[in-house]
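# Inside the fold
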Amino acid sequence: MPPKADAQERTIVVENALYRVEISNRGGVVKSWQLKKYMDDSKPQRVLDVVHPDAAAQVGGWPFALVLDDQQLETQANSALYVAGIPHVGAPQKDIHGYVAGVPDGPLEAPADLQLTWSDGHLEVTKSFQFDHSYVVRVETTVKFNGSPVKAGLAWLGGFGDLTVQNPVPVETVFTFYTEGGKLTDLPYKKLEGPEKWGPGVWMGGKDYAGIEDRYFAAAFLPVNGVASGSIETRYWKVMRTVQKEGKDEQEPVSEVAAATSTQPMALRVYVGPKDYDDLKAMRPPLQFLVNFGFLEFIAEPLFHGLKWLHKYIHGYGWAIIVLTLVINMLLFPLRISSYKTTLKMQRVGPEIKAIQERYKKYKLNDPKKQEMNKEVMAIYSREGINPVGGCFQMFLQMPIWFGLNSALRGAIELRHAQWLWINDLAAKDPYYILPVVVGVSMYLVSKMTPMTAADPQQQQMMKIMPIMFAGSFIIFPFSSGLALYILTSSLVGIVQQWYLNRTHPAPAAAKQITRGKK
């Protein structure tokens, strides 16, 4: 191919209802990828751009750059001025790939095709883009050197995702990933090595798809339609850039990833968009595993789907969380009744157990006599039909629900920036800390209304302090305000349920008489 290059740098804009993409003819790389339906967390908010221009400029790499085994050829391919055109429209200018017309002024409206070509007479590169109405773009690349095909990968360089998120900072939420045999592998920057790990010709094959993600968004390299799974090859690494933190220079890792196929020309589909569970599940191959619900996924996922179902009939995820809380608490109410009855039984035998403990308190914990004490206590429990952990079972059951719901709220794009009253993001902390304070007060009221099995003043004091500690944890740690709303609603329901139980199942007077008799 004779030398072919543009005389100046140009920017081609392609957009549809979902995104606005800026492609530079210098290197044929992406300089901006705005997702129109999503805003970032800056003040004032801006349309989210998943490209990081400062990081990309500093590390010298942009999304959709090429990865070649020869560093010199790679630099040429990613810095050359490509000639941009619209292929196959019957224009008079003819290219080896068909008729190509110049790119018109103004944005290209998808569906649209774009072709970028460049050659210095030895190295020749062609990139073809096909945009439609979805988040998926088809990219086809051909690289030749002196007429012979050269292996090339398509990369996402220079960082990815929402730069404005907090708790944790963006670098902590970015992972490279790949799937093999349906199993997803996530790689945080701490598990990545430098680019020197990948020698010439070294690629990891057999992948279903590969890419890079943050908490809510992903860029995934997929095989083209009709190609069998396991056809994707990948590389992943990290580079370092310098950032300013509190007036000092610090090194920050930038995760990067590339994908390729064994066929020429290399054709890939690239998904760049939100990690919407239902939309990802409908794709081929399905990508719903990118929605990370954490180690309590078996709890978080049903809660998430329950919330989405309720949201069909209830406007606002905040109100859907409240209704979900009511449903869960009504389902758990029989356990609360059982726990309450166990507590009353333990109250009744409390003086008897305390007397046994007094008899054995002079013995050390490792003394065999302590075993006799335990046998006597367990005999009382057996006689009264008491399960020692029965009074706490409901709380033990609530804890995994809390953590599972927190994972669902923080991992689902639907809850990102979901508003409720003064809350602007149910997946983030309450900015005014109103919910944590009210949660602490309501939990304290529940503890005051609930009969206590322990007569030990220290344990009683601990029960009073726990609501304060719990509310404090919501202020210190990045628990979602949606979880605080769930616990608050649960506590308010608990107050009503406990009032009902105290009224219908009053504590036996005998327990009080025995207690006074022991004083």
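Read on for a plain summary of the structure. (Residues numbered from 1 in each chain as written. Predicted model: local features only at pLDDT ≥ 70, side-chain atom pairs only at ≥ 80, totals over all residues. Heavy atoms only, no water.)

## Remarks on the pattern of salt bridges
As a reminder, the rule being used: Any Lys or Arg side-chain nitrogen found within 4 Å of a carboxyl oxygen on Asp or Glu counts as a salt bridge. Numbering of helices and strands starts at the N terminus; helices are DSSP runs of H or I of at least 4 residues and strands are runs of E of at least 2. To sort residues, take the accessible area from a 1.4 Å probe on protein chains only and compare it with the maximum for the residue type: under 20% means buried, over 50% means exposed, and anything in between is partly exposed.
On inspection of all chains with the given rule, the structure shows 17 salt bridges. The partner of K151 in a salt bridge is E233, and the shortest N-O contact between them spans 2.5 Å. One end of the pair, K151, is in the loop between β13 (148-149) and β14 (152-156); the other, E233, is in strand β20 (residues 232-245), and 82 residues separate them in sequence. Since its relative accessible area comes to 29%, K151 is described here as partly exposed. Since its relative accessible area comes to 15%, E233 is described here as buried.

## What to know about the side chain of D425
Selection criterion: By definition, residues are in contact when any of their heavy atoms lie within 4.5 Å.
Assignment of secondary structure puts D425 in the loop between α8 (393-411) and α9 (434-449). With residues up to four places along the chain from it excluded, the contact list for D425 reads L415, R416, H417, A418 and S481.

## Regarding the packing of α9 against helix α11 (residues 481-504)
Two quantities define a packed helix pair, namely the angle between the helix axes and the distance between the axes. Test applied: Angles here are taken between N-to-C directions and fall from 0 to 180 degrees, while the axes themselves are lines fitted to C-alpha atoms, restricted in helices to the stretch in contact. For classification purposes, an angle smaller than 35 degrees is called roughly parallel, one larger than 145 roughly antiparallel, one from 65 to 115 roughly perpendicular, and anything else oblique. Throughout, a crossing is termed right-handed when the near helix is turned clockwise from the far one, and left-handed when it is turned anticlockwise from it by less than a right angle. Throughout, the ten residues Ala, Val, Leu, Ile, Met, Phe, Trp, Tyr, Cys and Pro are labelled nonpolar, Asp, Glu, Lys and Arg are labelled charged, and all others, Gly among them, are labelled polar.
It is at 9 Å that the axes of α9 and α11 come closest, and there the two elements cross at 25°. One way to sum up the angle between α9 and α11 is to call them roughly parallel. Note on packing geometry: the crossing formed by α9 with α11 is left-handed. In contact with L435, V438, V439, S442, M443, L445, V446 and M449 of α9, α11 contributes S481, A484, L485, I487, L488, S491, L492, G494, I495, Q498, W499 and N502. Considering only residue class, the contact of α9 with α11 consists of 14 nonpolar, six polar and no charged.

## Details of the pairing of β14
Consecutive side chains of a regular strand alternate in pointing toward one face of the sheet and then the other. Note the threshold: Strands qualify as paired when DSSP identifies two bridges or more between them.
Most of β14 sits out of view: five of its five residues are buried. Going residue by residue along β14, you find A152, L154 and W156 tucked away on one face and G153 and A155 tucked away on the opposite face as well. In terms of strand pairing, strand β5 (residues 65-68) meets β14 through four bridges, oriented antiparallel. The residue of β14 that forms the bridge with V67 is G153.

## Some thoughts on the side chain of T142
The topology assignment puts T142 in strand β12 (residues 136-145). By relative accessible area, which is 17% here, T142 ends up buried.

## With respect to the layout of surface pockets
We apply this condition: Buriedness of a pocket was judged along seven lines, with at least five required to meet protein on both sides within 12 Å; pockets are open sets of points on a 1 Å grid over the protein atoms alone, cavities are sets where a 1.4 Å probe fits but cannot get out, and lining residues have an atom within 4 Å of a point. Grid points are joined across faces, edges and corners, and a volume is the space filled by probe spheres set on the points.
Estimated volume of the second largest pocket: approximately 770 Å³. Forming the walls of the second largest pocket are 26 residues, and the residues nearest its centre are D41, H417, D425, A428 and K429. In terms of residue class, the lining of the second largest pocket is made up of 10 nonpolar, eight polar and eight charged.

Everything listed here is a matter of geometry and, on its own, says nothing about what the molecule does.
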